[in-house]
Structures are given as C-alpha cells and as structure tokens.
Amino acid sequence: MRRLLALPVLAAALLLAATGCDSGGDGPGTTPPDTTLAALAAEHDVLFGSAFDANFSTLEAEYQRILGSQFAVVTPGNSMKWDATQPSRTTFRYTNADAQVAYAEGRGMKIRGHTLVWHSQLPFWLTSGNWTKQQLLDILREHIQAVVTRYKGRVYAWDVVNEPFEENGTLRNSIFHRIIGPEYIALAFQWAHEADPDAKLYLNEYNAEGLGAKSNGVYALAQQLVAAGVPIDGIGMQMHVTDTFYPSAGDLGANMRRIGDLGLDVDITEMDVRLRLPATQSALATQASIYRSILTTCLAASNCKAFTIWDFSDAHSWIPSTFPGFGAALIFDEDYEPKPAYWAIRDALED
Ligand code: XIL
C-alpha cells in the first residue's frame, strides 16, 4: 500500500515538514494529521477501535475530540459487564451502557459489546449464591438474553465469553465451569446468537496471542466449537503486553492463520503495552515497535478484522491502578500528545 511519491510532491512534503506545517510529524508535540486512524485502517478492511468508559462525557475536551474522531469502533470498558447491567437477580440497569451506545451511534461508530460471561466483575448476589446447576443455567441464559436483546442490531460484535482459560490451557475454574461444566461456553454462544442472530460472537482471551499452552487450549476449544456447529465467529486477542513480554510476529501470525483455517476471525480487542514508570525514551521506542509489529501482523492476516486499544490516552488507562509501577501503555500521552507508538501505527497503516 505504500505509494511512491512523485519527486515534486516529495519535495513539497519535505518543505512543509521543514516549515512545521507537516501532516506527518514524528514526535511529541506534533499535531496528528487530518486523516484518522479509522480511515487509514479502513483501507485495509480493518476496524480501528478504542475502549472508553462511562465517565467520558465529563472528560477533557481533548479526550472527546480524539475519541469522537479517530475510531471506527468503540468498546465500553465496564458498563456492559455483569455487575453493571444486573445489580440484582430481578433488576437490569443500562444507564451507562445506553449513554455509551448512543454516543457511539451519534458519531457513526460501531460498538463492540464487552462482555457477557466472565469470572470477574460479577455482582455479589451471583457469586454469593449457592446455586444448583439448573439455577445457574437459568441465570446465565436470562442475563445473556436480556443484555443482547437490549442492544440487538446496535452492538455489531460481542465478547461472549471472556478469559475462560488458565495459563496452562485448561478451562478456568470459574463459577460457571464449576457449577455448570464446560458446556457453559457453547450454551452462552447459542443464547447470544438466538438473541441477536446478526451479531458477531467472539471468545476473548489474554496471553493466548502467540503460540503456547494457553493458545493451544483456545485453539482446541475453537476447533471443537466449530465442529459442533456452535455459532462462534472469532477469537478476540486482548493483547495486554509489556515491552519485554509480547508475542513475536511469527507466532502471532501462525496463531492467526490456524484460527483462520477453522473459518474464524481474530480481532485484537484490548491492546496496550505497559511500561515501567517513568518510561524512558528507549522504552517508548520499543513500545512503538511492538504496536507496529502487532498491527502489521494483523493487517497481513485476512481474518484479522479489528484492532482495538484499551483506551487511547495515558491519562485514562486501567494499567497504573492494576499494575502498580507501570503505565504509559497507550498511544497518546497524558496531555493527549501523540506518542512514538501513534506514529508507528500511522506508518504501519500507510504502508
Ligand atoms: C478493566 C477495566 O478497564 C478497568 O476499568 C476495570 O477496573 C477492570 O477491568 N481484560 C478485560 C477487560 O477483558 O474487561 C479489563 O478491563 C482489562 C483486562
């Protein structure tokens, strides 16, 4: 996709760059060009996305400007999780999720729903109950049916089951696995599909992007689900990595290919690259090359259809509170200035 510039054009571009009116600078302090990441990614048939949280409307104008312009798809970071949507067995609450969905729709952005079945961020009434298998099956079905129906035709893709694996590739001992058994996964996809047959349905996992025990577990399950006719469309690769722990392009590409051979898509769903604070220039450069490598591998895989980062500015990231001592994981800094990672991403998209 790299276009060869005719010499006069190149000369003009160099002149513009030299006079500071460039549209493709290379460092902090440089204003992002007009062409959005979403538009550049669309040329590759890839949706460029970001997570965002329900307090977005009270955030800085700069946050809103970037969120509303750079992305083709957004993922509500918390508002669609079980503890947010079903505070009691008989009460559903959609205030924050509705606001985020309306915001995205108003700006022509798609919405990725996150998430229907997860061991974390569950309401206390659910985790503290002493449920029989049948009771938990009913609870799971009711939850999935209610939330998916609420956003039928509006959420284009759902992370149906989130993080169901242990690091060794066996199924996680979650409340659902313990009480229902492994079939909770296929049932969840079935119920989500019944509630919105047009939504794309994903199994979303972390640390399973490259090759290894965990990704082998994901692959084997995907194979079984496809063979059994379960309505699954793809595997979500979260991609929460560090500057020293991330999948090689070779492993990631191979994993994407074998999943593609099953007829499934792979989306990058939650990428960030956390750094030890304070982040050095060299760590920021490594971070940029990791973003570039993962994105380039996605662009080269015909079944990689979306590339989403887990929020976009270091001013609003889950990393510092979850991984003390780490941060600076995203592509804009705390002042909304584009970081080297931003320019590396643009460069990969323009290639
Ligand atoms: C995170 C949110 O960003 C935080 O605000 C929240 O406190 C914890 O969850 N994998 C996932 C996401 O699938 O749902 C998580 O989001 C990040 C890790």
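What counts and how
Residues numbered from 1 in each chain as written. Predicted model: local features only at pLDDT ≥ 70, side-chain atom pairs only at ≥ 80, totals over all residues. Heavy atoms only, no water. Helix = DSSP H or I, 4+ residues; strand = E, 2+ residues; numbered from the N terminus. Rg over C-alpha atoms; globule rule 2.2 N^0.38 Å. Buried < 20%, exposed > 50% of the residue type's maximum accessible area, 1.4 Å probe, protein only. Contact = heavy atoms within 4.5 Å. Areas by Shrake-Rupley, 256 points an atom, 1.4 Å probe, with all protein chains shown as cover. Lys, Arg positive; Asp, Glu negative; His and termini not counted. Charge placed at Lys NZ, Arg CZ, Asp CG, Glu CD. Salt bridge = Lys/Arg side-chain N within 4 Å of Asp/Glu carboxyl O. Core = buried A, V, L, I, M, F, W, Y, C linked by side-chain atoms within 4.5 Å. pLDDT = per-residue confidence, 0-100. Disulfide = S-S within 2.5 Å. Axes fitted to C-alpha atoms, helices over the stretch in contact; angles between N-to-C directions. Left-handed = near helix turned anticlockwise from the far one by under 90°. Nonpolar A, V, L, I, M, F, W, Y, C, P; charged D, E, K, R; others polar. Near = heavy atom within 4 Å. Polar contact = N/O pair within 3.5 Å; in protein donor to acceptor, adjacent residues only side chain to side chain. Pairing = 2+ DSSP bridges.

1. Some details on the overall build of the protein chain
Secondary structure summary: the protein chain contains 14 helices and ten strands in total. Over its C-alpha atoms the protein chain spans a radius of gyration of 21 Å, differing by no more than 12% from the 20 Å that the globule rule assigns to 351 residues. When the backbone C-alpha atoms are referred to their principal axes, the protein chain occupies close to 70 × 40 × 40 Å. Burial analysis of the protein chain (351 residues in total) assigns 52% to the buried set. Of the contacts made within the protein chain by residues no fewer than 6 positions apart, 77% connect residues no fewer than 24 positions apart. When the accessible area of the protein chain is evaluated, it comes to approximately 14800 Å², of which 53% is carbon and sulfur surface. Placing the 26 positive and 40 negative side-chain charges of the protein chain at their respective mean positions leaves the two points 4 Å apart.

2. Observations concerning the pattern of salt bridges
Tallied over the full model, the rule gives 15 salt bridges. Across the salt bridge formed by Arg150 and Asp98, the nearest N and O atoms sit 2.4 Å from each other. Remark: Asp98 occurs in helix α5 (residues 95–106) and Arg150 occurs in helix α7 (residues 133–150); sequence separation between them is 52 residues. Here Asp267 and Arg112 are joined by a salt bridge, their closest N and O atoms 3.0 Å apart. With a gap of 155 residues between them, Asp267 in strand β8 (residues 265–276) and Arg112 in strand β3 (residues 110–117) connect regions that are remote in the sequence. Each member of the pair, Asp267 as well as Arg112, is classed as buried.

3. As for the nonpolar core
Of all hydrophobic cores here, the largest spans 98 residues; its most connected members are Trp158, Phe176, Ile268, Met271, Tyr291 and Phe307. When near neighbours in sequence (up to four residues on either side) are disregarded, Phe176 contacts Trp82, Val117, Trp118, Leu122, Leu126, Leu136, Leu140, Gly181 and Tyr184. Ranked by size, the runner-up nonpolar core spans five residues in total, among them Val73, Tyr156, Tyr202 and Ala306.

4. Thoughts on the confidence of the model for the protein chain
Parts of the model with low pLDDT should not have their predicted coordinates read in detail. On average, residues of the protein chain score 92 in pLDDT, and 91% of them are at 70 or above. Of the regions scoring below 50 in pLDDT, residues 1–28 engages in 22 contacts with residues more than four places distant in sequence or in other chains.

5. Some thoughts on the state of the cysteines
Throughout this description, disulfide means a covalent bond between two cysteine sulfur atoms. Under the criterion given, the structure shown has one disulfide. In this model Cys298 forms its disulfide with Cys304; the gap between the sulfur atoms is 2.1 Å. Disulfide Cys298-Cys304: torsion about the S-S bond near -95°, hence left-handed. Across the pair, exposure class does not vary: Cys298 and Cys304 are buried alike.

6. Notes on the packing of α7 against helix α9 (residues 183–195)
Look at α7 against α9: their axes get within 9 Å of each other, and the N-to-C directions meet at 35°. Along this stretch, α7 crosses α9, giving a crossing that reads as right-handed. Between α7 and α9, the residues in contact are Lys133, Leu137, Leu140, Arg141, Ile144, Gln145, Val148 and Thr149 and Glu183, Tyr184, Leu187, Ala188, Trp191, Ala192 and Ala195, respectively. Here the contact of α7 with α9 is built from residues that sort into ten nonpolar, two polar and three charged.

7. Let's talk about the site of the ligand
Within the structure, the ligand sits among Asn78, Lys81, His114, Trp118, Gln121, Asn162, Glu163, Gln238, His240, Glu270, Trp310 and Trp318. Residue Asn78 places a side-chain N or O atom 2.9 Å away from an oxygen atom belonging to the ligand. Interatomic distance of 3.3 Å between a side-chain N/O atom of Gln238 and a nitrogen atom of the ligand. Notes on the ligand: free accessible area 420 Å², of which the protein chains cover 78%. Looking at side-chain class alone, the shell around the ligand contains three nonpolar, six polar and three charged residues.

8. A closer look at unusual backbone geometry
Residue His114 is joined to Thr115 through a cis peptide bond whose omega torsion reads 0°. Summarising the element assignment, Thr115 is placed in strand β3. The residue after Leu277, namely Pro278, is reached through a cis peptide bond having omega -5°. Among the structural elements, Pro278 can be located in the loop between β8 and α12 (281–300). One non-glycine residue with positive phi stands out, namely Asn207, at about 55°. By secondary structure assignment, the location of Asn207 is in the loop between β5 (200–205) and α10 (213–227). Relative accessible area serves as the criterion here: at 30%, Asn207 is assigned to the partly exposed category. Located in the positive-phi region is Tyr336, a residue other than glycine, with phi close to 65°. Its place among the elements puts Tyr336 in the loop between β10 (326–327) and α14 (340–350).

9. Some words on the pairing of β3
Across the eight residues of β3, seven count as buried, placing the element largely inside the fold. Pairing analysis gives two bridges linking strand β2 (residues 73–76) to β3, with the strands arranged parallel. Its bridge partner being in β3, Val74 is matched across the sheet by Ile111. Where β3 and strand β4 (residues 155–162) come together, five bridges link them in parallel fashion. The residue of β4 that forms the bridge with Val117 is Val161.

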